[in-house]
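# Tertiary structure, described
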Amino acid sequence: MTTAHDDALPSQSPDSADRDDDFPKRRSIRSFVLRQGRMSKAQERHYEQDMPRLGVPYAAAPLDLAALYGRRAPVVLEIGFGMGDSTAAIAAAHPEIDYLGVEVHQPGVGSLLKHVADRQLSNVRICQHDAVEVLQNMIPEGALAGVHVFFPDPWHKKRHHKRRLIQGPLVALIASRLAPGGYLHCATDWEEYARQMLEVLSAEPTLANTAPAGGDGYAPRPEYRPLTKFENRGLKLGHGVWDLVFRKG
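Reading the values: rules and limits
- Residues numbered from 1 in each chain as written.
- Predicted model: local features only at pLDDT ≥ 70, side-chain atom pairs only at ≥ 80, totals over all residues.
- Heavy atoms only, no water.
- Helix = DSSP H or I, 4+ residues; strand = E, 2+ residues; numbered from the N terminus.
- Contact = heavy atoms within 4.5 Å.
- Axes fitted to C-alpha atoms, helices over the stretch in contact; angles between N-to-C directions.
- Parallel < 35°, antiparallel > 145°, perpendicular 65-115°, else oblique.
- Left-handed = near helix turned anticlockwise from the far one by under 90°.
- Polar contact = N/O pair within 3.5 Å; in protein donor to acceptor, adjacent residues only side chain to side chain.
- Salt bridge = Lys/Arg side-chain N within 4 Å of Asp/Glu carboxyl O.
- Buried < 20%, exposed > 50% of the residue type's maximum accessible area, 1.4 Å probe, protein only.
- Pairing = 2+ DSSP bridges.
- Core = buried A, V, L, I, M, F, W, Y, C linked by side-chain atoms within 4.5 Å.
- Right-handed = clockwise from strand over helix to strand, strands pointing away.

## So, the environment of Ala 179
Tracing the chain through its elements places Ala 179 in strand β5 (residues 178-188). Measuring from C-alpha to C-alpha, the distance between Ala 179 and Arg 247 comes to 9.7 Å, with 68 residues separating the pair along the chain. Leaving out residues up to four positions away in the same chain, Ala 179 has contacts with Gly 142, Ala 143, Leu 144 and Lys 248.

Below, the structure written as structure tokens:
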């Protein structure tokens, strides 16, 4: 997952060239900054030996998800998985679901590949590319059971808010890729961004908030999303974390 506090872990961008009319043909603003991070020897080794087998090369053509995993199962896409700790834990706990992680940060890709190998997971694939273009061009409409966006960069300075990932056009794109009953789960530890997320998600007509009626609009943390070390430390210090889970009708 991408984190609000580590500039080395980029989040993804909300606008891009697209076959859909909602997006500009040329993109000028991205919500991630691609940096050359240092890879450990283990990450390099797993990147070299496992990416050819588990990596999904970007192509402007719809994926055959059943062929990709060798079975028909629900598929959940994660945008910006960071170092992959939570992704691997979720996939290990739910072998009946297939997971497609999308991340631009190469050390994070190497890290998730190591987790996959260590846990002997067969239900994880990785695309090292801009998630917006993956959604636009590789994911068929109605194909996903869920989308995870955990701790994207909040771009906390007001002049950078335009770089935030969760914007109306991207949410509409995600919703179009969800199957009926599919869900979008966002989480953030930045309260002002949580409020913006809630406003943007609530404005998408095809999605409904699953939060308890009469509450503040935020959902209890679903059991499948594990607490990260960073998050656990923040909670002990009194920092908040906000989960938003919206479901397609």
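Next, the rest of the story.
## Let's talk about the packing of helix α3 (residues 85-93) against helix α4 (residues 106-119)
For the pair α3 and α4, interaxial distance at closest approach is 9 Å and the crossing angle is 30°. Between α3 and α4, the crossing angle belongs to the class labelled roughly parallel. The element α3 and its partner α4 pack so that their crossing is right-handed. Side by side, α3 and α4 meet where Asp 85, Thr 87, Ala 88, Ala 89 and Ala 92 of the first sit next to Leu 112, His 115 and Arg 119 of the second.

## Side note on the side chain of Asp 98
Within the fold, Asp 98 resides in strand β2 (residues 98-102). At 2.6 Å, the side chain of Asp 98 forms a polar contact with the side chain of Arg 71. Apart from residues no more than four positions distant in its own chain, Asp 98 is found in contact with Tyr 69, Arg 71, Ala 73, Pro 74, Val 75, Val 76 and Asn 123.

## Re the pattern of salt bridges
Opposite charge on two side chains permits them to pair, given that their charged atoms come into close proximity. The tally for this structure, following the rule as stated, stands at 8 salt bridges. Close ionic contact of Glu 141 with Arg 177 constitutes a salt bridge, the shortest N to O distance being 4.0 Å. Of the two residues, Glu 141 sits in the loop between α5 (131-137) and β4 (144-150) while Arg 177 sits in helix α6 (residues 168-177), which places them 36 residues apart along the sequence. By relative accessible area, Arg 177 is classed as buried at 0%. Here the salt bridges share partners, and the residues they tie into one network are Arg 225, Glu 231 and Asp 243.

## Thoughts on the pairing of strand β7 (residues 242-248)
With respect to burial, β7 is a largely interior element, 6 of its 7 residues being buried. Here β5 runs beside β7; their pairing, made up of 6 bridges, is antiparallel. Residue pairing for β7: Ala 187 is matched across the bridge by Asp 243. With 3 bridges connecting them, strand β6 (residues 207-209) and β7 associate as antiparallel partners. Each bridged residue has a counterpart across the sheet, and for Asn 209 the counterpart in β7 is Phe 246.

## Regarding the nonpolar core
If you look at the biggest cluster of nonpolar residues, it comprises 40 residues, and the most contacted ones within it are Leu 77, Ile 79, Leu 135, Val 147, Ile 166 and Leu 184. Ile 166 has contacts with Val 149, Val 171, Cys 186, Tyr 193, Gln 196, Met 197 and Val 200, leaving out every residue within four places of it along the chain.

## Some words on the pairing of strand β3 (residues 124-127)
Burial along β3 is two-sided: Val 124 and Ile 126 and Arg 125 and Cys 127, pointing in opposite directions, are all buried. Summarising the sheet, β2 and β3 pair through 4 bridges and their orientation is parallel. Bridging from a neighbouring strand, Leu 100 pairs with Arg 125 of β3. What joins β2 to β3 is α4, and the crossover it makes is right-handed.

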